[in-house]
Amino acid sequence: MPVFLPYALIGLAIGLLVATFVEPSTSGVRIRQAPLSWRRLPYGASWSGVALVLIVAGAYQYSLVALAQGLSYQTPLAYLALVPIVALLLGWFAVARSARNPRTPRDLPLDFVLGRLSGIVLILIAVSASLILPARLGPVFWIDRLDLLGLPVFVAGLVVVFYGLRRLWTVKAAVLFLFLAWPLPYVVALGGWLDTFTNLTAGAIGRIANVLPLAQPANGDPTLFFIEHAGTSTAVSIGSACSGVNGLAGFILIGLALMYVVRGGFLRRLLWLAAGLLAVWFLNVVRIEILFLAGTTLGPDVAINLLHPVAGLIAFNLGVIEMLLLVPRFGLEFAALPRASAPVEPVDVIPPDSRSRRRVALATLSLGLALSLVAAVANIGYARYEPLGSDLDGTAPARAQVRNATIPGWSSALVEEIPSAHQFFGPDATWTRLLFSQTGPSTLRSSRPIYVDVIDTGDAASLATYGIVDCYSFHADRIEAQTSADMGAGVSAQVVTYFDPADRADWSAVWWERPAAINGQMTFERIVVFLPDSADATFGGMDPGTPVAGDVAFHDAQQFLVTFARDLTGGPAPRAFAGPRGG
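Residues numbered from 1 in each chain as written. Predicted model: local features only at pLDDT ≥ 70, side-chain atom pairs only at ≥ 80, totals over all residues. Heavy atoms only, no water.

Points about the side chain of Gln494
- As for its position among the elements, Gln494 is in strand β13 (residues 491-500).
- Every residue in contact with Gln494, bar those within four places of it in the chain, is listed here: Pro139, Gln482, Thr483, Ser484, Ala509, Val510 and Trp511. (Helix = DSSP H or I, 4+ residues; strand = E, 2+ residues; numbered from the N terminus. Contact = heavy atoms within 4.5 Å.)

Some remarks on the packing of helix α13 (residues 266-297) against helix α14 (residues 300-325)
- Where α13 contacts α14, the two axes come as close as 9 Å, and the packing angle between them is 160°. Taken together, the axis directions place α13 and α14 in an arrangement best described as roughly antiparallel. At the point where α13 passes α14, the crossing takes the right-handed sense. Where α13 approaches α14, its residues Trp272, Ala275, Gly276, Ala279, Val280, Leu283, Arg287, Leu291, Ala294 and Gly295 are matched on the opposing element by Pro300, Ala303, Leu307, His308, Ala311, Gly312, Ala315, Phe316, Leu318, Gly319, Glu322 and Met323.
- Looking at the contact of α13 with α14 residue by residue, the class counts come to 15 nonpolar, five polar and two charged. (Axes fitted to C-alpha atoms, helices over the stretch in contact; angles between N-to-C directions. Parallel < 35°, antiparallel > 145°, perpendicular 65-115°, else oblique. Left-handed = near helix turned anticlockwise from the far one by under 90°. Nonpolar A, V, L, I, M, F, W, Y, C, P; charged D, E, K, R; others polar.)

Description of the sheet that holds strand β4 (residues 221-229)
- If you walk across this open sheet you meet the three strands as β3-β4-β5, and the pairing is antiparallel. Bordering the open sheet on either side are β3 (216-218) and β5 (232-237), each of which pairs with just one other strand. Averaged over neighbouring strand pairs, the angle between their axes works out to 40° when direction is ignored.
- Pairing analysis gives three bridges linking β3 to β4, with the strands arranged antiparallel. Across the sheet, residue Pro217 finds its bridge partner in β4, namely Phe225.
- Contacts from helix α11 (residues 194-211) reach β3 and β4 within the one sheet, and its direction differs from that of β4 by about 40°.
- Running over the sheet, α13 touches β4 and β5 and is turned about 35° from β4. (Pairing = 2+ DSSP bridges.)

Here we look at the environment of Thr201
- Tracing the sequence through the fold places Thr201 in helix α11.
- A residue is classified by how much of its surface remains accessible, and Thr201, at 0% relative accessible area, is buried.
- Separated by 21 residues in sequence, Thr201 and Pro222 place their C-alpha atoms 9.8 Å apart.
- Thr201 has contacts with Ile238, Ser243, Trp281, Asn284 and Ile288, leaving out every residue within four places of it along the chain. (Buried < 20%, exposed > 50% of the residue type's maximum accessible area, 1.4 Å probe, protein only.)

Here we look at the packing of aromatic side chains
- This model, assessed by the stated rule, comprises 17 aromatic pairs.
- Aromatic ring contacts, followed pair by pair, group Trp410, Phe436, Phe539, Phe560 and Phe564 into a single cluster.
- Lying over the aromatic face of Trp142, Arg145 brings its terminal NZ or CZ to 4.1 Å of the ring centre.
- Positioned above the aromatic ring of Tyr163 is the side chain of Arg167, whose terminal nitrogen or guanidinium carbon lies 5.5 Å from the ring centre. (Phe/Tyr/Trp six-rings, centres within 6.5 Å; stacked < 30°, edge-to-face > 60°. Lys NZ or Arg CZ within 6 Å of the ring centre and 35° of its normal.)

Topic: the packing of α11 against α13
- It is the contact of α11 with α13, at a shortest axis distance of 11 Å, that shows an interaxial angle of 55°. Judged by the angle between their axes, α11 and α13 are oblique. Considering how the two elements wind past one another, α11 and α13 form a crossing that is right-handed. In this structure, α11 uses Phe197, Thr201, Ala204, Ile205 and Ile208 to contact α13, whose residues at the interface are Trp281, Asn284, Val285, Ile288, Glu289 and Phe292.
- Tallied by class, residues from the contact of α11 with α13 come to eight nonpolar, two polar and one charged.

Describing unusual backbone geometry
- The backbone phi angle of Arg145 is positive, close to 50°, even though this residue is not glycine.
- Along the chain, Arg145 falls in the loop between α6 (139-143) and α7 (150-163).

Considering the side chain of Thr497
- Along the polypeptide, Thr497 turns up in strand β13.
- Take Thr497: its relative accessible area is 0%, and that puts it in the buried class.
- Reaching out from Thr497, the side chain makes a polar contact with the side chain of Ser508 at a distance of 3.1 Å.
- Side chain to side chain, Thr497 and Gln558 meet in a polar contact 2.9 Å long. (Polar contact = N/O pair within 3.5 Å; in protein donor to acceptor, adjacent residues only side chain to side chain.)

Focus: α11
- Taking 1.5 Å as the rise per residue, α11 with 18 residues should run 26 Å; its terminal C-alpha atoms sit 27 Å apart, in good agreement.
- Buried within α11 we find Leu194, Phe197, Thr198, Thr201, Ala202, Ala204, Ile205, Gly206 and Ala209. (Expected span 1.5 Å × (residues − 1).)

Structure, rendered in structure tokens:
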């Protein structure tokens, strides 16, 4: 997104505010005695409300764009991008419904002043957090998406500054709904059963394969299937996101919002929600079978590269539309809304009965806008926490030749070329797994072999979407330690130690991402150096100055992996393997 865009949005918002609150007069300008009539926009919308939305979009533009990127990928939390949109609709619904009620009395003068000041306090809390927390927490701030926790606080403050505390109470459901955009609670909740749900979906696909043989299950891996086209077999993995958990999470969000606008018994609404979850899961199974059919008839490129990115979104939308149409079947009904032509009583954003009130309102409004500009600048700065960044100038160093690197006394072997690279990282992606073993005297010594994954793709957003730490968390792995290390050439690596409850083993890993040039073309590369049972291995030759974190039992493993990774990328390249390549 161009850097100037958020400022343009904020400028447009300020222009709308000026049109709302200020009008020309014979002596220059004066404060409007009442804002533009709500009748100018349908269903209770107001120009000041449009301005409020634009200010929020400008102040949190980078966070919202990063959230929206998940919609184009099959990730467990892809539909969290719907939360701001649904919250906006809930706010509109609450305002439109409240417009039919009798007008409430104005706040007392003291309440008016304290109310506006409380709005400034809320905005100040959100802006302060956006400035202080990133500086103190570093990349962890962005990995845990703490920026999204400030969004509802910021919105609440703006609502109070614009309309007062009474209007915040009216739209409280919409503001609270914004907290559901924070991904960390979902990661914790899904981690305990995500693999089980994936196996459940893969088991259903396997049973269907016995009747409708569009794909053949792989031996030993219930989540892997092979499709045949033109004599060529292609592997397709039923990953955690492809299992349909993203659709279920998205429908829960939609369902919670509909609970607010649907009238009927609580048990009936719960039954409707459960039926919707079952319908969305079933449509996801149908989606997978359609992809298999497309792969066998039209080819895997059509199925994976053309249909796969959009099929999940289509299936989800069909499920939502189906359940909306079935609302009356469950004995429920949508709450009535005022007609577009129904007269709606205007609400004075700046009460006209007191000059002091107008001064307080303008002062708090001006301060709120100034703080919003600070929030916008801080939010744009979050790009520096992305491993690849977002300010690339179109140039990049040559790709590190990790696949062809050698370390004295070590041999390397190709473990596999992982076929799901295309499925997750794009049609041009490659995913290579190597195994490095010590075979002779060496400065770097390890009692265990080292695994190295190298992923190349032209789609930087896919690397951000399928992050390493998120992957560990979704599969119920417990992050025990995390820090960063300098790899040189401006590249910072993440060092992480985690516990895998399935294998009852501790793993340590070092990973980093960087832009790279291949034959003059810009591409992006992720390298992961990892080691199982790292607490039980012995090491030698590591750099003692490397940063460590967590339990002292993992410090040697962390320092060794960082030193090993630096040797992989810092030596002369390209060179041939010191050992055999084999499958």
